[in-house]
Amino acid sequence: MTINAQTLVSKDRWGEFKDFEFPQEALVLVDAKVKRLHSDVAAACRGQWTIPLRASEALKSLPALQYVAERSLGLSRQATVMAIGGGTVGDFAGVFAHLHKRGVRLVHVPSTLLAAVDSSVGGKAALNVATTKNALGVFHPAFESWICPELWTTLTEAQLREGRIEAFKTVLTSETHFRRWCQQQPNDVAIVKLARKLKNQIVSEDPFETTGRRAVLNFGHTLGHVIESVSNFRIPHGEAVGLGLLCALDVGVRLGHTPATLRALVESHIPQLPHARRRLAQALKKLSEKDLVRYVKHDKKGADERAVAMMLLRHPGTIAKASVPFEVLAKQLALWKDGRL
Ligand SMILES: NC(=O)c1ccc[n+]([C@@H]2O[C@H](COP(=O)([O-])OP(=O)(O)OC[C@H]3O[C@@H](n4cnc5c(N)ncnc54)[C@H](O)[C@@H]3O)[C@@H](O)[C@H]2O)c1
């Protein structure tokens, strides 16, 4: 299977799930909850080679890979892996599809808003190792994505908010769209269309994250991943990214890269994250300076003995890499724990 800039750009088909047809030989990796909540999904799984999965960060693991690999040994190279679920099922299925018989076709059916705006676009898939997020990863683009908005009707308000936060992060890469968002936050379907378009554009310019262009999508993720890890994944990804955005804004202001007025503007438009500063303090309460440094060193965005590479916001639409000394992060950590900027 050839992976290049073209194949990494998502081919999207919008419609109701019941109107799509599974390919001839399919392995359906489906979030068990989605199968239970959506009768059309359950009906489509009948008569198919189906493995229901419990969605969580624990699924993104080597034992889970072993479990599914053992149950799919008879699957041919012509098969298609159908990933029906949120970002954890999608990431897991991406890694499995990459490795099974050296790579088979993958179709994403994102059932969370977060997966629809972000994880099912761009061809990245990863597993966690212990509490280190996405430590093992591959590029394995979906052959296509089926975008079925009716699947998102069973999401809670908190789950929807996570998707809006992840989309907002992508919108921060475009001044025009950021300013429009500040005037009026789009509805969820419009958010999905916009985030997929912007992400596809960025991915096509830097498919394998070699020039730095694609790295703008990591804005908020350095500390976001630390927050997920330190909570042992009890804080979900979208919320952690929202808190990570605050951290990246604060670090940007401290180093003179982000104007304080821009921080205030962005912070006031991060979608519905109530009491965010208090939540950040709570999330980091037990984190020592030493563990903070250890976590950021494990993150794959680049760290040396004294500094980590972080994406910082310079102007609306302009995000750039900067070297952030650990002592700066340590000073910020003390402020964050106190609920201060
Ligand atoms: N590969 C990438 O480029 C990329 C990008 C962003 C995020 N991610 C990854 O995505 C993951 C987060 O994704 P997520 O937030 O979708 O998590 P998730 O897949 O764990 O889903 C969250 C919860 O929603 C439930 N759920 C799923 N669909 C539902 C539906 N339609 N109705 C009701 N409940 C439903 C799940 O069962 C689960 O309990 C993280 O692991 C993150 O690292 C990957």
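Residues numbered from 1 in each chain as written. Predicted model: local features only at pLDDT ≥ 70, side-chain atom pairs only at ≥ 80, totals over all residues. Heavy atoms only, no water.

Draft legend 1. Fine view of the layout of surface pockets. What the second largest pocket holds in volume is close to 250 Å³. Lining the second largest pocket, in full, are Val230, Ser231, Arg234, Ile235, Glu239, Leu243, Arg279, Gln282, Ala283, Lys285 and Lys286. For the lining of the second largest pocket, the element with the highest residue contribution is helix H13 (residues 276–284), accounting for 3 residues. Its residues assigned to classes, the lining of the second largest pocket comprises 4 nonpolar, 2 polar and 5 charged. (1 Å grid on protein atoms, 1.4 Å probe; cavity = no way out; pocket = protein on both sides within 12 Å on 5 of 7 lines; lining within 4 Å. Points joined across faces, edges and corners; volume = space filled by probe spheres on them. Helix = DSSP H or I, 4+ residues; strand = E, 2+ residues; numbered from the N terminus. Nonpolar A, V, L, I, M, F, W, Y, C, P; charged D, E, K, R; others polar.)

Draft legend 2. Quick peek at the site of the ligand. Near the ligand there are 27 residues, and of these Asp31, Glu57, Ser111, Thr112 and Thr154 occur at the shortest range. Within the contact set of the ligand, an oxygen atom lies 2.7 Å away from a side-chain nitrogen or oxygen of Asp31. Contact between the ligand and Leu151: a nitrogen atom at 2.8 Å from a main-chain N or O atom of the residue. Compared with its free state, where it exposes 870 Å², the ligand has 89% of that area covered by protein. Only helix H2 (32–37), helix H5 (87–99), helix H6 (113–119), strand E7 (132–139) and helix H7 (157–171) provide two or more residues apiece to the shell around the ligand. Partitioned by chemical class, the residues of the shell around the ligand number 6 nonpolar, 11 polar and 10 charged. (Near = heavy atom within 4 Å. Polar contact = N/O pair within 3.5 Å; in protein donor to acceptor, adjacent residues only side chain to side chain. Areas by Shrake-Rupley, 256 points an atom, 1.4 Å probe, with all protein chains shown as cover.)

Draft legend 3. Highlighting the packing of H13 against helix H15 (residues 326–337). Relative orientation of the contacting elements H13 and H15 amounts to 115 degrees, with a least axis distance of 8 Å. Two secondary-structure elements touch here, H13 through Arg277, Leu280, Ala281 and Leu284 and H15 through Leu333, Trp336 and Lys337. For the contact of H13 with H15, the class distribution of residues is 5 nonpolar, no polar and 2 charged. (Axes fitted to C-alpha atoms, helices over the stretch in contact; angles between N-to-C directions. Contact = heavy atoms within 4.5 Å.)

Draft legend 4. Structural context of the packing of aromatic side chains. The tally for this structure, following the rule as stated, stands at 7 aromatic pairs. Relative to Trp146, the ring of Phe22 has its centre 6.0 Å away and its plane inclined at 20 degrees; by these criteria the two rings are stacked. You can see Phe22 sitting in the loop between strand E1 (12–14) and strand E2 (26–31) and its partner Trp146 sitting in strand E8 (residues 144–147), a full 124 residues away along the chain. For Phe22, a relative accessible area of 14% translates into the label buried. Each ring, one from Phe168 and one from Trp181, has its centre 5.3 Å from the other, and the planes form 50 degrees; the classification is tilted. Residue Phe168 is found in helix H7, and its partner Trp181 is found in helix H8 (residues 175–183); the two are separated by 13 residues along the sequence. According to the relative accessible area criterion, Phe168 is buried, its value standing at 0%. An aromatic cluster is built from Phe17, Phe20, Phe22 and Trp146, whose rings are joined through pairwise contacts. Above the ring of Tyr67, the side-chain terminus of Arg71 is found at 3.7 Å from the ring centroid. (Phe/Tyr/Trp six-rings, centres within 6.5 Å; stacked < 30°, edge-to-face > 60°. Buried < 20%, exposed > 50% of the residue type's maximum accessible area, 1.4 Å probe, protein only. Lys NZ or Arg CZ within 6 Å of the ring centre and 35° of its normal.)

Draft legend 5. Region of interest: the environment of Val296. Here Val296 is to be found in helix H14 (residues 289–298). Using a relative accessible area of 1% as the deciding quantity, one classes Val296 as buried. Separated by 71 residues in the primary sequence, Val296 and His225 place their C-alpha atoms 8.4 Å from one another. Setting aside residues up to four positions removed in sequence, Val296 forms contacts with Thr222, Val226, Ala303, Val308, Phe326 and Leu329.

Draft legend 6. Examining helix H9 (residues 188–205) more closely. The end-to-end C-alpha separation of H9 is 26 Å, in line with the 26 Å expected for 18 residues at 1.5 Å each. Those residues of H9 that sit buried are Asp188, Ile191, Val192, Leu194, Ala195, Arg196, Leu198, Lys199, Asn200, Ile202 and Val203. For H9, the elements touching its buried residues are helix H1 (5–8), E1, H6, E8, H7 and H8. (Expected span 1.5 Å × (residues − 1).)

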